[in-house]
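Spelled out, the chains give:
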Amino acid sequence: MSSVIVGRTGPFSGQSVVLGTAGSLRFGRKSDNDVIIVSTSASRLHAEIVVEDGAFVLHDRNSRNGTHVNDRRITRHVLEHGDVIRIGDETFAFETQEALETVMDLSQLDMPRAPAADPGTLRVTVAGGGPVGLAFALMLEAALPGRVAVTVYEGRWVRSGSTVVWKDETHGNVRRQQVVTIQSRQYLALSEEMQAALFSDPAHYSEMWPIGPDSVDGKPPRNIRIAYVEDQLLALANTKAAIRLVPKRFDAPEHEGRLAQEHVLVIGEGGRSRTREYYGDRFGAADASIYSLDGEHIQDVVLGLRVKSPLTDEMSVLLTVSQNRFLLNSLRGEGFLNMRLTRDEAKAVIGIDPVRQVFEECIAARPCVMSRHEDNEFVCPTHGTLFLPALLRGSALWKRIQEGLKLFGVPEEDLSAITSFRLDMVQRPRFTAQLSRATATTPGTYGFLLGDAANAIHFWPGRGLNSGVASAVSLARSLSRAWRGKPLRDADFIRHEAAMSMLQYRHKSRAWNAMVTTDEQGVTRAIKDIIARSMEEAPAPVPTAEPEDARPDLEALLARMGEIRSRLAPRLPGMPTDEELREHLASLAPSTLRTLQESGAWDTLIVGGEEADIDLFYQSEAPVYVGRPTDPRAVGQDPGPREPAAYDPA
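About the criteria used
Residues numbered from 1 in each chain as written. Predicted model: local features only at pLDDT ≥ 70, side-chain atom pairs only at ≥ 80, totals over all residues. Heavy atoms only, no water. Helix = DSSP H or I, 4+ residues; strand = E, 2+ residues; numbered from the N terminus. Contact = heavy atoms within 4.5 Å. Areas by Shrake-Rupley, 256 points an atom, 1.4 Å probe, with all protein chains shown as cover. Phe/Tyr/Trp six-rings, centres within 6.5 Å; stacked < 30°, edge-to-face > 60°. Buried < 20%, exposed > 50% of the residue type's maximum accessible area, 1.4 Å probe, protein only. Lys NZ or Arg CZ within 6 Å of the ring centre and 35° of its normal. Arc of directions from axis to C-beta. Pairing = 2+ DSSP bridges. Axes fitted to C-alpha atoms, helices over the stretch in contact; angles between N-to-C directions. Core = buried A, V, L, I, M, F, W, Y, C linked by side-chain atoms within 4.5 Å. Parallel < 35°, antiparallel > 145°, perpendicular 65-115°, else oblique. Left-handed = near helix turned anticlockwise from the far one by under 90°. Nonpolar A, V, L, I, M, F, W, Y, C, P; charged D, E, K, R; others polar. Salt bridge = Lys/Arg side-chain N within 4 Å of Asp/Glu carboxyl O.

Looking at an unreviewed UniProt entry, one finds the protein chain named FHA domain-containing protein and attributed to Streptomyces apricus.

Below is the structure:
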């Protein structure tokens with residue numbers, strides 16, 4: 001008998017989870033639980049439902065505040081239809097199959113679908129409903145109208161009435177407020193309907209960065225909040241009958257049986273995709289050696305500070321590209337100030353559990369975001385931990401955060417949230433894999449890596465979104481060209497695999513050059529280590545407006561900014577004057593000026609330039625022809641002119 005757990009109150013309200021006859025369902029604050037409890041009164045692993053002798057049994061896992069069923073605290077309880085489970089401030093109902101049809105919409109259940117009656121329907125599952133997964137689903141639906149059925153899974157969604165929407169800040173989903181920069185080469189590749197949804201209202205995007213080598217049709221890059229991209233694409237997907245939206249995380253082992261009836265599995269969950277790891281043997285092991293120095297794999301840890309800056313876009317651009325310590329990516333001043341951390345600083349990015357008084361690394365694990373409360377503490381809503389450096393206001397890391405805020409004119413009270421993410425560059429051997437072969441009863445399933453699951457991110461503005469959109473467009477084009485109602489083949493994806501390899505080369509070479517620099521002697525070093533060395537050598541603060549020791553660093557920064565300004569001014573009018581720059585920088589501590597100067601400017605000649613142009617692989621629309629087989633008895637004879645035979649895709 002099938003049964004489900006249905007959220008009644010709290011962030012999980014309206015969502016459901018089907019209980020299988022194998023495995024278990026875990027509840028708790030830790031992010032690897034099946035149902036994440038936001039309440040701070042819940043434990044990391046709070047409770048678990050397991051199958052015992054054909055029944056579903058709820059166990060409390062030694063939680064601090066207990067697990068309750070029908071308002072009675074339990075340690076072990078055999079669940080019955082109608083039981084109400086309370087964990088922290090959240091409640092769930094246990095429902096058996098007999099009641100499902102009357103209490104909930106069966107479309108919310110992830111039941112295995114029978115094979116489509118029309119063999120000409122391409123059946124696609126997408127794991128991950130972020131901008132990349134949604135863009136792919138919408139592009140494919142537009143390219144194969146009436147001939148495709150797409151199911152998209154995303155655990156960061158919640159059902160609201162008859163539609164599916166993104167979880168908001170009340171669910172702990174704060175990170176969506178970051179801003180990304182998308183190049184015109186990529187957004188012009190989207191369908192007209194998608195472009196209208198994203199860019200019809202100028203209030204929701206800005207053209208902060210100047211037109212560059214990659215701009216198409218004279219259109220500049222556009223800064224846009226990721227939340228707006230996600231909301232608009234999801235709203236559009238809700239209107240498409242061919243796209244089924246499932247507000248839960250995709251579970252590869254659970255869906256093995258259903259996937260056997262699908263033609264395509266798209267993995268677009270992000271850089272730490274569990275689905276990609278589950279199929280790791282199919283896609284091959286990633287190679288980290290080519291992103292290593294002296295045998296050590298180079299990684300960066302970036303602290304993301306959600307801020308509101310009063311500076312003009314022109315000043316923000318100049319301050320950003322003139323040094324390698326901080327990067328402000330914002331929409332009209334609101335966005336994230338990204339701070340590249342040294343090795344020691346990365347170790348200091350920890351939270352503390354105020355109840356158990358132990359340290360936690362939750363802020364360094366996506367998608368944890370610590371938002372500011374009225375008492376000026378930064379609190380993780382998922383784990384209830386506090387950001388330790390903010391509690392120790394005299395800590396070295398907090399002082400350096402304050403200097404970053406000062407660089408972009410941000411009052412400390414306008415720092416509203418803190419997060420961090422790790423940049424881990426690897427080389428992937430392939431992006432396309434056959435997960436199962438066609439049989440008499442199954443169509444054969446192909447898997448594809450898209451977005452950050454294929455290419456890791458870097459905090460150069462919008463890097464992940466540009467690569468992700470390009471990969472989504474490429475796969476949608478390949479599938480729409482290849483689909484003829486017959487089993488897919490490796491040869492159908494030659495163009496897509498080539499496009500992904502080119503994206504990887506451009507993306508990784510750009511990110512690599514943003515992580516390391518080579519000095520005049522030809523020695524290559526990690527930029528984070530240069531920053532660390534500059535702080536070790538920085539002079540002690542002197543209580544004067546402009547100490548003598550700070551002048552060389554200030555003058556060097558001003559000279560660098562003057563050179564950059566001369567290059568950008570023709571494309572970005574309104575740049576600040578020398579006097580404005582001097583007045584602004586003079587307020588910074590001498591140690592900060594030295595770090596900014598030593599970190600070097602963004603190498604825009606290397607990391608800038610043209611994006612990978614996937615149109616190169618899809619320009620020809622001509623059919624492919626092969627000659628008729630030659631009669632072996634006529635070898636050496638002139639057979640005369642022949643009509644070419646159309647290529648048979650079977």
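This is not the end of the story, as more comes after the structure.
*Asks:* Looking at this model, I keep getting lost on the overall build of the protein chain. Mind explaining?
*Replies:* What the protein chain contains, in helices and strands, is 19 helices and 37 strands. Considering only residue pairs separated by 6 or more positions, the protein chain has 69% of its internal contacts joining residues 24 or more positions apart. For the protein chain, the accessible area works out to roughly 28,300 Å², and carbon and sulfur atoms hold 50% of it.

*Asks:* Sorry, what's going on with the packing of aromatic side chains here?
*Replies:* Geometry of an aromatic ring pair is reported as the spacing of the ring centres plus the angle between the planes. A complete count under the given rule lists 11 aromatic pairs for this structure. The interplanar angle of 65° and the centroid separation of 5.4 Å between the aromatic rings of F27 and F92 together place this pair among those described as edge-to-face. Residue F27 is located in strand β3 (residues 24-28), and its partner F92 is located in strand β11 (residues 90-96); the two are separated by 65 residues in the primary sequence. For the residue pair F27 and F92, the accessibility class agrees, reading buried in each case. With a centroid separation of 5.0 Å and an interplanar angle of 90°, the aromatic rings of Y278 and Y279 are classed as edge-to-face. Over the ring of F199 we find R222; its NZ or CZ atom is 4.8 Å from the centre of that ring.

*Asks:* What exactly am I supposed to notice about helix α4 (residues 192-199) here?
*Replies:* Within an α-helix, residues lying three or four positions from one another point in the same direction, as the helix has 3.6 residues per turn. All buried positions along α4 are accounted for by M194, Q195, A197, L198 and F199. An end-on view of α4 places all buried positions within 165° of arc, on one side of the element. Looking at the packing, one finds that the buried side of α4 touches α2 (131-143), β16 (179-182), α3 (184-187), β17 (205-206), β18 (222-225) and α5 (226-238).

*Asks:* Help me out: how do you make sense of the pairing of strand β10 (residues 84-87) in this one?
*Replies:* Regular strands place side chains that alternate from one sheet face to the opposite one. Residues I85 and I87 of β10 are buried on one face, while the alternating residues V84 and R86, pointing to the opposite face, are not. Bridge analysis of strand β7 (residues 67-69) against β10 gives three bridges, and the strand direction is antiparallel. Within the sheet, the bridge partner assigned to T67 lies in β10 and is I87. Relative to β11, β10 is paired through four bridges, and the arrangement is antiparallel. Note that in β11 the partner of R86 across the bridge is T91. What sits between β10 and β11 in their antiparallel hairpin is a turn of two residues, with G88 showing a positive phi close to 65°.

*Asks:* Please explain the sheet that holds strand β32 (residues 432-436) as it appears in this structure.
*Replies:* Two pairing modes exist for strands in a sheet, parallel and antiparallel, and in both the strands are linked by backbone hydrogen bonds. With mixed pairing, the six strands of this open sheet are ordered in space as β19-β13-β12-β20-β33-β32. Every interior strand has two partners, whereas the edge strands, β19 (243-246) and β32, have only one. If you compare each strand with its neighbour and ignore which way they point, the axes differ by 20° on average. Where β32 lies against strand β33 (residues 445-449), four bridges are found, and the strand directions are antiparallel. Bridge assignment links S436 to a residue of β33, and that residue is T445.

*Asks:* Can you walk me through the nonpolar core in this structure?
*Replies:* Soluble, globular proteins show a tendency: their nonpolar side chains are buried together. L122, V124, F136 and L140 are the most contacted members of the largest nonpolar core, which totals 74 residues. If sequence neighbours within four positions are ignored, V124 has contacts with F136, L140, V148, A149, V150, T151, E262, V264 and V266. Counting 51 residues, the second largest nonpolar core, distinct from the first, contains I363, C368, M561 and L593.

*Asks:* Can you help me understand the sheet that holds strand β5 (residues 47-52) in this one?
*Replies:* Pairing in this open sheet of five strands is mixed, and the strands run β4-β3-β5-β6-β9 from one edge to the other. If you trace the sheet from one side to the other, it starts and ends with β4 (35-36) and β9 (76-78), each paired once. Of the pairings in the sheet, the one linking β5 to strand β6 (residues 55-60) comprises six bridges and is antiparallel in character. Each residue of the ladder has a partner; that of E48, found in β6, is H59.

*Asks:* Hey, could you run me through the packing of helix α9 (residues 313-321) against helix α17 (residues 578-585) in this one?
*Replies:* The angle between the axes and the distance between the axes are what describe a pair of packed helices. Taken N-terminus to C-terminus, the directions of α9 and α17 make an angle of 65°; their axes are 12 Å apart at the nearest point. When the axis of α9 is compared with that of α17, the two are roughly perpendicular. For the element pair α9 and α17, the recorded crossing hand is right-handed. On the side of α9, the interface is formed by M315, L318 and L319, while α17 contributes E580, L581, H584 and L585. Here the contact of α9 with α17 is built from residues that sort into five nonpolar, one polar and one charged.

*Asks:* Whenever I open this one, the pairing of strand β15 (residues 163-166) confuses me. Can you help?
*Replies:* Only one face of β15 is buried: it carries V164 and W166, and the other face, with T163 and V165, is open. Relative to β15, strand β14 (residues 157-160) runs antiparallel, the two being bridged by four bridges. Each bridged residue has a counterpart across the sheet, and for S160 the counterpart in β15 is T163. Counted between consecutive antiparallel strands, the loop separating β14 from β15 contains two residues, among which G161 sits at a positive phi close to 65°.

*Asks:* Any chance you could explain the side chain of T595 here in plain terms?
*Replies:* As for its position among the elements, T595 is in helix α18 (residues 590-599). Apart from the residues within four sequence positions on either side, T595 is in contact with R325, I531, S534 and M535.

*Asks:* Help me understand the pattern of salt bridges in this model?
*Replies:* One side chain can pair with another of opposite charge once the charged atoms of both are near each other. Per the stated rule, a full pass over the model turns up 23 salt bridges. The residue E254 makes a salt bridge to K248 at a minimum N-O spacing of 3.5 Å. A relative accessible area of 12% places K248 in the buried class. Notably, a salt bridge pairs R533 with E598, separated by 4.0 Å at the nearest N-O pair. A residue pair is termed long-range when its members are at least 10 positions apart, and R533 in helix α15 (residues 527-537) and E598 in helix α18 qualify at 65 residues.

*Asks:* Help me understand α18 in this model?
*Replies:* Burial runs high along α18: eight of the 10 residues are buried. One or two steps after α18, the chain reaches G600, where phi turns positive at roughly 80°.

*Asks:* Any chance you could explain the environment of G304 here in plain terms?
*Replies:* Here G304 shows up in strand β23 (residues 299-308). Residue class for G304 comes out buried when judged on its relative accessible area of 0%. A sequence separation of 117 residues divides G304 from F421, and the C-alpha atoms of the two residues are 7.8 Å apart. Excluding residues that lie within four positions of it along the chain, G304 makes contacts with F336, L337, N338, A417, I418, T419 and S420.

*Asks:* Which parts of the structure should I look at to understand the environment of T592?
*Replies:* Positionally, T592 belongs in helix α18. The sequence separation of T592 and G404 amounts to 188 residues, and the corresponding C-alpha distance is 8.5 Å.

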